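Each chain, letter by letter, is given below.
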Amino acid sequence: AYVCYSDGTNSYEKRITIATETLGTERTITSSGDNHPQLITDSSGYLWRKGEAGPTTPQFYVQKSTNVNDDSAWGTEYSFGSDASGYGHSMLIPVTGGNIVALYQDGNTITYKKLSDPAIQGTANSVVTDCKNGVSANWSISHYFSAVADSSYKIHLIYVDSVTDDIEYTYYNGSVWS
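Since we're looking at a predicted model, the values are computed, not measured.

Cut-offs applied
- Residues numbered from 1 in each chain as written.
- Predicted model: local features only at pLDDT ≥ 70, side-chain atom pairs only at ≥ 80, totals over all residues.
- Heavy atoms only, no water.
- Core = buried A, V, L, I, M, F, W, Y, C linked by side-chain atoms within 4.5 Å.
- Buried < 20%, exposed > 50% of the residue type's maximum accessible area, 1.4 Å probe, protein only.
- Helix = DSSP H or I, 4+ residues; strand = E, 2+ residues; numbered from the N terminus.
- Contact = heavy atoms within 4.5 Å.
- Pairing = 2+ DSSP bridges.
- Axes fitted to C-alpha atoms, helices over the stretch in contact; angles between N-to-C directions.
- Phe/Tyr/Trp six-rings, centres within 6.5 Å; stacked < 30°, edge-to-face > 60°.
- Lys NZ or Arg CZ within 6 Å of the ring centre and 35° of its normal.
- Salt bridge = Lys/Arg side-chain N within 4 Å of Asp/Glu carboxyl O.

**Topic: the nonpolar core**
If you look at the biggest cluster of nonpolar residues, it comprises 17 residues, and the most contacted ones within it are Leu-103, Ile-110, Val-127, Ile-155, Leu-157 and Trp-177. Of all elements in the fold, only strand E9 (90-94), strand E10 (100-106), strand E11 (109-117), strand E13 (125-128) and strand E15 (155-160) reach the threshold of two or more residues within this core. Excluding residues within four positions of it along the chain, Val-127 makes contact with Leu-103, Ile-110, Thr-111, Tyr-112, Leu-157, Thr-170 and Trp-177. Trp-48, Ile-100, Ala-102 and Tyr-104 belong to the second largest nonpolar core, which has 10 residues in total.

Shown next as structure tokens:
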């Protein structure tokens, strides 16, 4: 497992070995997106990391490790989406076949792309168009989505509805959102 964090200028990651309760060497993440870093492992053992840049350049970035289970070497970084408001949110979710799903919010729309390689990006498709926009200087009232994959690689997504303020749920079964 890995932990990622940012000090507002740089992003960092460390490997955590749960069995021995030890932390690995801290590495500085060289990325155009140094906000809200995330590091995941896909079903083939490759690492993927994402970062967000904004608000002046509101882009979401992704990189894939060049070797299985190795955080020392990374491929080229690519932008997988953007947010016109400058305060969007993004997440990477592992799915089958070594692929990932990149979810990101632009205004009230949550969009997904299925990626097999950062350079070969899938089509951007809207999941929901009524997600409450998270733009707020007051973090206690900001709204963002959250998503996880279960053991069958179904993606479960929750978000705040922009009209009713209710928490909503949808899931992706590998081909469609329900």
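The discussion continues.
**What to know about the sheet that holds strand E8 (residues 78-82)**
Within the open sheet, the four strands sit side by side as E5-E6-E7-E8. Their pairing is antiparallel. Looking at strand neighbours, the two that pair on one side only are strand E5 (35-41) and E8, the edges of this open sheet. Across the sheet, the axes of successive neighbouring strands diverge by a mean angle of 20°, strand direction being ignored. Looking at chain direction, strand E7 (residues 59-64) and E8 are connected through four bridges and run antiparallel. From the neighbouring strand, Tyr-61 faces E8, where its bridge partner is Ser-79.

**Some thoughts on the packing of aromatic side chains**
The final tally for this structure, using the stated rule, is eight aromatic pairs. We note Arg-49 situated over the ring of Trp-74; from NZ or CZ to the ring centre the distance is 3.9 Å. Looking at Lys-64, its charged tip hangs above the ring of Tyr-46, at a distance of 4.7 Å from the centre.

**Observations concerning the pattern of salt bridges**
One pass over the structure, following the stated rule, counts two salt bridges. Ionic pairing is found between Arg-27 and Asp-71, a salt bridge with its closest N-O pair at 3.1 Å. Within this pair, whereas Arg-27 is found in strand E4 (residues 27-29), its partner Asp-71 is found in the loop between E7 and E8, the two being separated by 44 residues in sequence. Exposure remark for Asp-71: the relative accessible area of 10% places this residue in the buried category. Measuring nitrogen to oxygen at the nearest pair gives 2.8 Å for the salt bridge that ties Glu-52 to Lys-50. Across the pair, exposure class does not vary: Glu-52 and Lys-50 are buried alike.

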